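Residues per chain, in single letters:
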Amino acid sequence: MSGTEQTKRIERNGFFLFLALVTLGLLLIILPFARPLLWAVLAAIMFQPLYRTMLARLRGHANRAAVATLAIITFAVILPTFFIGSAVIDEAMGVFAAFQEGRIDVAGWFEEIHDALPANLRRVVDAAGWGDLAALRARAQEFAGESIGIIAERAMAIGGSAFGFVLSFGVFLYVTYFLLRDGARITPELLAGLPLERGVADRLAERFLSIVRATIKGSIVVGLVQGALGAVTFWIVGVPSALLFGLLMAIASLLPALGPALVWVPVAVWLLATGAIWEGVVVIFSGVAVIGMADNLLRPVLVGRDTGIPDWIILVTTLGGIAVVGLSGIVLGPLAAGLFLSAWGILREERTRAKA
């Protein structure tokens, strides 16, 4: 190797090292705002059609169209979410206080359900090891108290970092504005700068967009609809803390197969066991015919096409994503799984093409 080639190689490797260091430094600097930046990207992707509509109506004024789109997002999505979230937090804090003061006895409810069972079924339950009421009552009370306690702690954590929340929210709006306005120009430049073949980069970008849209429309929107229907149902039959139960149902809807049934089935059983017959029947009817059918009707319309990710992978990656990065994992988990499967699929196609 000549001296000139060796010098060029050292310079090239030095540049790559410099590029890696400055990239790592930038990631460390923006890490405190990773979540608002993530949701800004997701909002720009989801509301890009709305921005284009506003751009056409405002005769090509990009700044006005971006501001109008942000205003619609704020008043139609963000503010209602704040109001509902505040009401849910108040209910969670009230339920947690009731547990601490002993005004809510989950163990007593369990005993009522056990005593209301037919004699034959009660014997089967006792034979299966569920008849030790003392131990089961203690476990039920402990589980319920810890669950509500976690929600209350999250609520207090949110309230305790009000300045950070306002700052993050401002970053979210600011970045969303520029991504709405300049996203169509930034995306091709970003794809051209990736160290990948342009065809591979385009396919991964297409996959990224389809998974984001499918996850938000098919999981978050459907979950919110099912949670709202559940909250209305619980409010009609007089179940306390209906908004809190609706939130739990929206979260449970992320789980394939069972979903909202994890919430409304125990509520219906409790109502029937405590003598609230028509209320329990209404909850069962709503859970099967209304809440359950909402997923079957809305998901094909909102998603449009399958993401190609098996349900069990969506379940594992969603729960894992929530455990690692919080609520952002609802999107990041399935997104990581989809890009993983797509990348390995592209590699398999390239190897098959090379062999041919």
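Since the model is a prediction, treat every value here as computed from it, not as a measurement.

Digging into the packing of helix 2 (residues 34-46) against helix 9 (residues 198-237)
Geometry of a packed helix pair, given as the angle between the helix axes and the separation of the axes. The contact between helix 2 and helix 9 brings their axes to 10 Å, and the two run at 90 degrees. It follows that helix 2 is roughly perpendicular to helix 9 by the angle criterion. Judged by residue contacts, W39, L42, I45 and M46 of helix 2 engage F208, L209, V212, R213, I216, K217 and I220 from helix 9.

With respect to the nonpolar core
By size, the foremost hydrophobic cluster in this structure holds 14 residues, and its most contacted members are F234, V239, M249, L271 and V283. Those elements that place two or more of their residues in this core are helix 9, helix 10 (242-252), helix 11 (261-273) and helix 12 (277-303). Here the element with the most residues in this core is helix 11; it accounts for five residues. Ignoring sequence-local partners within four residues, the contact set of V283 consists of T233, F234, V237, W264, A268 and L271.

A short note on the environment of L297
The residue L297 is located in helix 12 in this model. Residue classification places L297 among the exposed residues on the basis of a relative accessible area of 55%.

Section: empty space enclosed by the protein
One pass over the structure, following the stated rule, counts one cavity of 30 Å³ or more. As a volume, the largest cavity reaches approximately 30 Å³. Forming the walls of the largest cavity are S219, L254, I314, T318, I330 and P334. Looking at the lining of the largest cavity, the elements that each hand over two or more residues are helix 13 (311-325) and helix 14 (329-355). Per-class residue counts for the lining of the largest cavity are four nonpolar, two polar and no charged.

The rules behind the values
Residues numbered from 1 in each chain as written. Predicted model: local features only at pLDDT ≥ 70, side-chain atom pairs only at ≥ 80, totals over all residues. Heavy atoms only, no water. Axes fitted to C-alpha atoms, helices over the stretch in contact; angles between N-to-C directions. Helix = DSSP H or I, 4+ residues; strand = E, 2+ residues; numbered from the N terminus. Parallel < 35°, antiparallel > 145°, perpendicular 65-115°, else oblique. Contact = heavy atoms within 4.5 Å. Core = buried A, V, L, I, M, F, W, Y, C linked by side-chain atoms within 4.5 Å. Buried < 20%, exposed > 50% of the residue type's maximum accessible area, 1.4 Å probe, protein only. 1 Å grid on protein atoms, 1.4 Å probe; cavity = no way out; pocket = protein on both sides within 12 Å on 5 of 7 lines; lining within 4 Å. Points joined across faces, edges and corners; volume = space filled by probe spheres on them. Nonpolar A, V, L, I, M, F, W, Y, C, P; charged D, E, K, R; others polar.

Don't take any of this as a statement about function, it's just geometry.
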